[in-house]
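Here is what each chain is made of, one letter per residue.
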Amino acid sequence: QVQLVESGGGLVQPGGSLRLSCAASGSIFRINAMGWYRQAPGKQRELVARIASDGITNYADSVKGRFTISRDNVKNTVFLQMNSLKPEDTAVYYCNSVIRSRDSWFRNYWGQGTQVTVSS
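Below is a short write-up of the structure. (Residues numbered from 1 in each chain as written. Predicted model: local features only at pLDDT ≥ 70, side-chain atom pairs only at ≥ 80, totals over all residues. Heavy atoms only, no water.)

Here the focus is the overall build of the chain. Looking only at helices and strands, the chain features zero helices and eleven strands. Listing every helix and strand of the chain by position from the N terminus yields β-β-β-β-β-β-β-β-β-β-β. Computed over C-alpha atoms, the radius of gyration of the chain comes to 14 Å, within 12% of the 14 Å expected from 2.2 N^0.38 for 120 residues, which places it in the range of a compact globule. Taking all 120 residues of the chain together, the buried fraction comes to 38%. Sequence-distant contacts in the chain: of pairs separated by 6 or more residues, those separated by 24 or more amount to 56%. Carbon and sulfur atoms make up 46% of the accessible area of the chain, which totals about 6600 Å². Taken as two groups, the 14 positive and 8 negative side-chain charges of the chain have centres that lie 4 Å from each other. (Helix = DSSP H or I, 4+ residues; strand = E, 2+ residues; numbered from the N terminus. Rg over C-alpha atoms; globule rule 2.2 N^0.38 Å. Buried < 20%, exposed > 50% of the residue type's maximum accessible area, 1.4 Å probe, protein only. Contact = heavy atoms within 4.5 Å. Areas by Shrake-Rupley, 256 points an atom, 1.4 Å probe, with all protein chains shown as cover. Lys, Arg positive; Asp, Glu negative; His and termini not counted. Charge placed at Lys NZ, Arg CZ, Asp CG, Glu CD.)

Okay, the pattern of salt bridges next. Within the structure shown, the criterion is met by four salt bridges. Measuring nitrogen to oxygen at the nearest pair gives 2.8 Å for the salt bridge that ties R38 to E46. Among the salt bridges present, the one from R38 reaches D89, with a minimum N-O distance of 3.0 Å. With R38 in strand β4 (residues 28-39) and D89 in the loop between β8 (77-82) and β9 (91-101), the pair connects residues that are 51 residues apart, well separated along the chain. Taking the relative accessible area as the measure of exposure, R38 reaches 6% and is therefore buried. Relative accessible area serves as the criterion here: at 1%, D89 is assigned to the buried category. Residues joined in a network through salt bridges with shared partners are R38, E46, R66 and D89. (Salt bridge = Lys/Arg side-chain N within 4 Å of Asp/Glu carboxyl O.)

With that out of the way, let us pick up the packing of aromatic side chains. Applying the stated criterion across every chain, the model contains three aromatic pairs. Both rings, one in Y94 and one in W110, keep their centres 6.4 Å apart while their planes meet at 85°; by these two values the pair is edge-to-face. Placement of Y94 in strand β9 and of W110 in strand β10 (residues 107-110) is noted, with a sequence separation of 16 residues between them. With relative accessibility at 36%, the residue W110 sits in the partly exposed group. (Phe/Tyr/Trp six-rings, centres within 6.5 Å; stacked < 30°, edge-to-face > 60°.)

Among the six residues of β8, five are classified as buried, and the element is accordingly described as predominantly covered. Inspection of the sheet shows strand β3 (residues 18-25) paired to β8 by six bridges, in the antiparallel sense. Looking across to β8, one finds that R19 is bridged to Q81. Where strand β7 (residues 67-72) and β8 come together, six bridges link them in antiparallel fashion. The residue bridging S70 from the neighbouring strand is F79, located in β8. Between β7 and the antiparallel strand that follows it, β8, lie four residues; N76 among them carries a positive phi value of about 55°. (Pairing = 2+ DSSP bridges.)

Here it is, written out as structure tokens:
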């Protein structure tokens, strides 16, 4: 079974930095785009950043210039470097990816979510 396991969330002061990681494991044949979403209480889940298999990236306007998404295709891991964090960045962050595995065609997978809290 394919799993996405996230790490790196926590409490940070405004202006601080965090680095989120999401590692895919299982019988993986191919991973297409990988991305990060976030959801705050009472809000819809929104796309934060995504990176295609060829390295092309997209960012939400609210995080451009502050966040950087990257991936390690050897380790099947996607990262989100978050700098200059603001209180409005507070949310649960979810890793997402479309993966072809030994057991199925391309399927959508989600990480368990990791809490990011930006507060003084």
